[in-house]
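Topology and contacts: notes
Spelled out, the chains give:
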Amino acid sequence: MTGPSDPTPSAAGSGGAGSVPGRSPQGAERTAAALSDPENRSAPEETPRRAPGPAGTTPPAGTATAGTATEAPGTGSGRAPGTGSGTGSGTGSGTGSAAGSRRRTIRRTAAVLAVLAAGAVVLAALNSGTRHGHLDPRSADPTGSRAVAELLKERGVTTRVVTTAREAADATGPRTTLLVTDPDRLGAGQRSAIRSAIDLSGGRTVLLAPGDHSLSDLSPGVRTEGDAGSDDLDPRCTLPAATSAGRAGTGGDLRYTTALPGATACYPSGGHPTLLVLPTGTTGGDTVLLGSETILLNESLAEQGNASLALQLLGSRPDLVWYLPSLADSDPGTGPGEQDKSLLELIPAGWSWALLQLFLAAALAALWRARRLGPLVTEKLPVAIRASEATEGRARLYRKAGARDRAATVLRAATRERLAALVGVPPTRAHEPAALVPAVSARLTGEPRDVAALLFGTTPSDDAALVALADHLDALEREVRTS
């Protein structure tokens, strides 16, 4: 707060409107009041604020953000825009509030981003040990095989997933079914290990769509006969599992032919079977060649007799070893149909929904925290502020923003309203040049003045011109009052 003894810089030294020598106290009061508010309200007053919801916004320079408290005639300090003395409460509070609001907004945005990132990390951690791949019994993707694994589990069959040929061979036995999901991917050493397991285990081995590359080692005496022409085929054999399942989706991929004795050929297409069961050297053991993977996929398990056939082929023993060959077991240069997969093909299907949910959560958070401007409302000031302080603060805002146009407009508008009351012009026409200028000119007795330029002129070019305008308006009003 400023006291009577506070030094006030001159107009020339401050670059703004200070206390101008030669001006009457009444003129200084009117100038200060005009800068603050044309309506000359007295302190304490009300300050315009945004309606609830637009917190964090700062009004443009030149508006009455310092509080609209003004001084009544005879009580002001008489300082014009640009005053450098005192500490304007409006300036400090407006700047501090804007900076604090920006910091809060940044902190809240960072918090939302941190929550989203933490959620993504948690999801990745929870799923880090879960494989979501083709023919994976743990995968719920359309091309996974979780459905058949769950059905086998309900029937008491234990499924164990292995990724190396050595693990697969060690886990086989008379009570075990070994499923090799990609025989053509195996290297020579891995094929040799699986062949030993087939000969010695006494259990069942299911080879899924083996080609000539792997048949020479895993099932000598069998070769492929091209692709089957139809997807769904009839059993046309005496194999109990096939006759029980009926029509199934064993076609669409490889067919086989063999001259080995004891072979059971089912689901023929063009005279060649797509399902071939071969006895092994060990009593009770057999090898199943299945030309298509369709009956094991989640997306097609419920079609035709696929589920029945899959359960009977894989569930004939209490233990199922599900061999998913890893890259370490693959043979470089093998797998003639293999192509490099794109990044999108490697991403599990479920992640697209997770990503969509994250985007929706981010959009909702942005809408929730968004700031929108509301209508102006008035609010009682929490403390009484001296009118001189509010005037000085408002003047500093004008000076900081270089808002000479706004300051000149306020000065002229307030002067026009007071002159209209003195010369008998209705308040509604106080701002009409045609009504006010002739009435004011008629009351002047001294040297000629350009009343229209003073009351309705252009914006001052610099601070000195603004001070000069305030002086001329003060002199004009004083002359009209004394005439």
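In what follows, the structure referred to is the one given above.
Residues numbered from 1 in each chain as written. Predicted model: local features only at pLDDT ≥ 70, side-chain atom pairs only at ≥ 80, totals over all residues. Heavy atoms only, no water.

Quick look at the overall build of the protein chain
The helix and strand tally for the protein chain stands at 16 helices and 11 strands. A sequence separation of at least 24 residues applies to 74% of the contacts in the protein chain between residues at least 6 apart. When the accessible area of the protein chain is evaluated, it comes to approximately 24100 Å², of which 56% is carbon and sulfur surface. (Helix = DSSP H or I, 4+ residues; strand = E, 2+ residues; numbered from the N terminus. Contact = heavy atoms within 4.5 Å. Areas by Shrake-Rupley, 256 points an atom, 1.4 Å probe, with all protein chains shown as cover.)

Some thoughts on unusual backbone geometry
Positioned with a positive phi, A209 is a non-glycine residue whose angle comes to about 50°. Structurally, A209 can be placed in the loop between β4 (204–208) and α7 (212–218). For R236, which is not glycine, the phi torsion reads 55° and is therefore positive. Mapped onto the fold, R236 is located in the loop between β5 (222–227) and α8 (240–245).

A word on a positive patch on the surface
Taken together, R102, R103, R104, R107 and R108 make up a surface patch of like positive charges. Looking at where R108 falls in the secondary structure, it is placed in helix α3 (residues 89–126). Judged by relative accessible area, R108 falls into the partly exposed class, the value being 33%. (Patch = residues over 30% accessible without salt bridge, like charges linked within 9 Å, V, L, I, M, F, W, Y side chains within 5 Å. Salt bridge = Lys/Arg side-chain N within 4 Å of Asp/Glu carboxyl O. Lys, Arg positive; Asp, Glu negative; His and termini not counted. Charge placed at Lys NZ, Arg CZ, Asp CG, Glu CD. Buried < 20%, exposed > 50% of the residue type's maximum accessible area, 1.4 Å probe, protein only.)

A closer look at the packing of helix α13 (residues 404–423) against helix α14 (residues 433–442)
It is the contact of α13 with α14, at a shortest axis distance of 10 Å, that shows an interaxial angle of 60°. Remark: the crossing between α13 and α14 carries left-handed chirality. Facing α13, whose interface residues are R416, L419, A420 and V423, α14 presents L436, A439 and V440. Taken together, the residues that form the contact of α13 with α14 break down as 6 nonpolar, no polar and 1 charged. (Axes fitted to C-alpha atoms, helices over the stretch in contact; angles between N-to-C directions. Left-handed = near helix turned anticlockwise from the far one by under 90°. Nonpolar A, V, L, I, M, F, W, Y, C, P; charged D, E, K, R; others polar.)

Here we look at the state of the cysteines
Scanning the entire structure with this criterion turns up 1 disulfide. Residue pairing for C237: its cysteine sulfur links by disulfide to C266, the two sulfurs lying 2.0 Å apart. The sign of the 100° torsion about the S-S bond sets the C237-C266 disulfide as right-handed. Within this pair, whereas C237 is found in the loop between β5 and α8, its partner C266 is found in strand β7 (residues 264–269), the two being separated by 29 residues in sequence. Of the two residues, C237 and C266, both sit in the buried class. (Disulfide = S-S within 2.5 Å.)

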